[in-house]
Amino acid sequence: MMANSPGKPHPIGQFDTEDGFLVIGGVRLDRLAARVGRTPFYAYDRAHISRRIRQLKRSLPKNIHLHYAVKANPMPAVVGHIAPQVDGLDVASGREMNAALNAGMESALISFAGPGKSVTEIDQAVAAGITVNLESAVELGRVEKAGKRLSLRPRVAVRVNPDFSLRASGMHMGGGAQQFGIDAARVPEILDRIGRADLDFQGFHIFAGSQNLRADLLIEAQAKTVDLALALAKRAPGPVRHINIGGGFGIPYFPNDRSLDLRAVGRALAASRDRVEAALPQARLVVELGRYIVGEAGVYVCRVVDRKTSGGETFLVTDGGLHHHLAASGNFGQTIRRNYPLAIGNRMNEERRKTVNVVGPLCTPLDLLGSKVDLPPARVGDLVVVFQSGAYGKTASPTAFLSHPEPEEVLV
Ligand SMILES: *Cc1c(COP(=O)(O)O)cnc(C)c1O
């Protein structure tokens, strides 16, 4: 890996360059674009993903199980690449479940979360032997029925809506009124019902938030999560096999963002693991990460198709935009729009800078990839690269909006 060169935003420095071209997965960008056959496309670097997983395994204490949350990037090749390197997969739909099974992950190591699972999806999960994370009392009844229909004993875990949230998160997914999970106060009653039903109780799933860069806040939330799980475990209808404490590990997107202090998180997790091992010797402690595993390994590449000036500003019009990459346009979960790290992928050595706006082809001012961003002077035909695009990219974007073609995806 090339060291970050001064002046370059950190995410851009994570990739090599060759003769002024960005290199992804060992392939020069001009050659990669030719190989893909058209722009725009997403490219994911398999070595980068593997490196990140190795780094996680080094920093997290032994006996912490690492799961990948498939929804961050469900491209089958990506899931297939990650599956052999992690201890489990977490899915959020029937199709993600198929992607996880196709990737060769053992069904006992797959869990299925999400409110409003359909009866068909529940049947699929039960038939496959996947753990269903129960999100409501109604769902418990549906899983029980699925077990009777299929003459199987469904594996279930309880998704708990904790009575706290992960502060300073990009997205809160726990604490207060929530569509996720079962309120902590109601969980004992659900555990009693599981005990009376023909269900194979596995454990707890408690997810408090996403995209957090503050190790101190993550550590605090993880400790509270383990406290809650250990308290609820006293009412468990059988041995607790796993406690999934979610993830929330963030990646830096913007100039003042600092990378997460993974080692600090790892040290604190060792204490949590010890507490779990002492109280529940049969339970494994699981962290479930999506963005942190794939987010920095991916780029979105589009081509400059026009360059124009208006009101004294320069606009680079590209063939890609909001319909492919909603998050980079600032319309997916951000409160203040900021630019994702951008580069001209065929002018990486160019020192000159020009302040431009990078826009897409859609008829809406929201279709903005870069506002007043300093880039090398670009020409029609140049390749604009959006970094930090490996997670919540294509499948988190409204690809049908304005009926343009979908982006390609490659794992290099
Ligand atoms: C989305 C999700 C994750 C992954 O979150 P990241 O921020 O991508 O790491 C983990 N667990 C659950 C339950 C989720 O819904």
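Residues numbered from 1 in each chain as written. Predicted model: local features only at pLDDT ≥ 70, side-chain atom pairs only at ≥ 80, totals over all residues. Heavy atoms only, no water.

Each helix and strand in the protein chain was counted, giving 12 helices and 22 strands. Within the protein chain, contacts between residues separated by at least 24 positions form 71% of all contacts whose residues are at least 6 apart in sequence. Here the protein chain has roughly 17,200 Å² of accessible surface; of this, 50% comes from carbon and sulfur atoms. In the protein chain, which carries 50 positive and 40 negative side-chain charges, the distance between the mean positions of the two groups comes to 1 Å. (Helix = DSSP H or I, 4+ residues; strand = E, 2+ residues; numbered from the N terminus. Contact = heavy atoms within 4.5 Å. Areas by Shrake-Rupley, 256 points an atom, 1.4 Å probe, with all protein chains shown as cover. Lys, Arg positive; Asp, Glu negative; His and termini not counted. Charge placed at Lys NZ, Arg CZ, Asp CG, Glu CD.)

Next up on the list: helix α2 (residues 29-36). When α2 is considered as a whole, its buried residues turn out to be Leu29, Leu32, Ala33 and Val36. Each buried residue of α2 lies within a common arc of 100° when the element is viewed along its axis, so the set occupies one face. α2 presents Arg31, Ala34 and Arg35 as exposed residues on the side facing more than 90 degrees away from its buried surface. Where α2 is buried, its residues touch β2 (21-24), β3 (27-28), β4 (41-44), β16 (298-310), β21 (383-386) and β22 (408-411). Where α2 ends, the next residue or the one after it, Gly37, has phi of about 100°, a positive value. (Buried < 20%, exposed > 50% of the residue type's maximum accessible area, 1.4 Å probe, protein only. Arc of directions from axis to C-beta.)

At their nearest, the axes of helix α9 (residues 215-233) and helix α10 (residues 262-279) sit 9 Å apart, and the two run at 5° to each other. Put simply, α9 runs roughly parallel to α10. The residues of α10 that touch α9, namely those facing Ala215, Leu218, Ile219, Gln222, Ala223, Val226, Asp227 and Leu230, are Ala264, Val265, Ala268, Leu269, Ser272, Arg275, Val276 and Ala279. Tallied by class, the residues present in the contact of α9 with α10 amount to 12 nonpolar, two polar and two charged. (Axes fitted to C-alpha atoms, helices over the stretch in contact; angles between N-to-C directions. Parallel < 35°, antiparallel > 145°, perpendicular 65-115°, else oblique. Nonpolar A, V, L, I, M, F, W, Y, C, P; charged D, E, K, R; others polar.)

Residues at a pLDDT of 70 or more form 96% of the protein chain, whose mean pLDDT is 94. Note that pLDDT drops below 50 for residues 1-8; the model gives that stretch 13 contacts with residues more than four away or on any other chain. (pLDDT = per-residue confidence, 0-100.)

One pass over the structure, following the stated rule, counts 20 salt bridges. A salt bridge links Asp274 to Arg273; the nearest nitrogen and oxygen atoms lie 3.1 Å apart. The class of Asp274 is partly exposed, set by a relative accessible area of 40%. Salt bridges sharing partners connect three or more residues here, namely Asp19, Arg28 and Asp30. (Salt bridge = Lys/Arg side-chain N within 4 Å of Asp/Glu carboxyl O.)

Of all residues adjacent to the ligand, which total 11 residues, the nearest are Lys71, Ser210, Gly290, Arg291 and Tyr392. Here an oxygen atom of the ligand sits 2.7 Å away from a polar atom, N or O, in the side chain of Lys71. In the model, an oxygen atom of the ligand is placed 2.8 Å from a nitrogen or oxygen of the Arg291 main chain. Protein contact buries 94% of the 380 Å² of open area that the ligand shows by itself. Tallied by class, the residues present in the shell around the ligand amount to five nonpolar, three polar and three charged. (Near = heavy atom within 4 Å. Polar contact = N/O pair within 3.5 Å; in protein donor to acceptor, adjacent residues only side chain to side chain.)

Within the span of helix α6 (residues 119-128), buried status applies to Glu121, Ile122, Ala125 and Val126. The arc that holds the buried residues of α6, viewed along the axis, is 130°, so those residues lie on one side. On its buried side, α6 packs onto α5 (94-102), β7 (110-112), β8 (131-134) and α7 (137-150).

For Thr318, the position within the fold is in strand β17 (residues 313-318). Residue Thr318 is classed as buried on the basis of its relative accessible area of 0%. Between the C-alpha atom of Thr318 and that of Val305, which follows or precedes it by 13 residues, the distance is 5.2 Å. For Thr318, the contacting residues outside a window of four places in its chain are Cys302, Arg303, Val304, Val305, Val358, Val359, Gly360, Pro361, Leu369 and Val384. There is a polar contact of 2.7 Å between the side chain of Thr318 and the backbone oxygen of Gly320.

Formed by 104 residues in total, the largest nonpolar core has its most connected members in Tyr68, Val158, Ile194, Phe204, Phe249 and Ile293. A total of 10 residues in this core trace back to one element, the largest contributor, which is α9. Those residues within four positions of Ile293 in sequence are excluded, and the remaining contacts are Ile49, Arg52, Ile53, Leu56, Leu66, His67, Tyr68 and Ile82. Residues Leu22, Ile24, Val27 and Ala343 belong to the second largest nonpolar core, which totals 20 residues. (Core = buried A, V, L, I, M, F, W, Y, C linked by side-chain atoms within 4.5 Å.)

For the rest of this paragraph, the subject is the pairing of β21. Here β21 shows two buried faces, one formed by Leu383 and Val385 and the other by Val384 and Val386. Both β16 and β21 contribute to a ladder of four bridges, which runs antiparallel. The partner of Arg303 across the bridge, within β21, is Leu383. Alignment of strand β18 (residues 342-344) against β21, held across three bridges, turns out to be antiparallel. The partner of Leu342 across the bridge, within β21, is Val386. (Pairing = 2+ DSSP bridges.)

A surface patch of positive charge is lined by Arg54, Arg58, Arg263 and Arg267. Elements with a contribution of two residues or more to the positive patch: α3 (46-59) and α10. With respect to the element layout, Arg54 can be found in helix α3. Arg54 sits in the partly exposed class, given a relative accessible area of 48%. (Patch = residues over 30% accessible without salt bridge, like charges linked within 9 Å, V, L, I, M, F, W, Y side chains within 5 Å.)

Another aspect to go through is the packing of aromatic side chains. By the definition in use, this model includes nine aromatic pairs. Here Tyr42 and Tyr300 contribute two aromatic rings whose centre-to-centre distance is 4.9 Å and whose plane-to-plane angle is 45°, an arrangement assigned as tilted. Separated by 258 residues along the polypeptide, Tyr42 in strand β4 and Tyr300 in strand β16 bring together distant segments of the chain. In terms of burial, Tyr42 and Tyr300 fall into one category: buried. Centre to centre, the rings of Phe249 and Tyr292 are 5.7 Å apart; their planes meet at 75°, and the pair counts as edge-to-face. Remark: Tyr292 occurs in helix α11 (residues 291-294) and Phe249 occurs in the loop between β14 (242-244) and α10; sequence separation between them is 43 residues. By the ring-pair criterion, three or more aromatic residues cluster together here, those being Tyr42, Tyr44 and Tyr300. (Phe/Tyr/Trp six-rings, centres within 6.5 Å; stacked < 30°, edge-to-face > 60°.)

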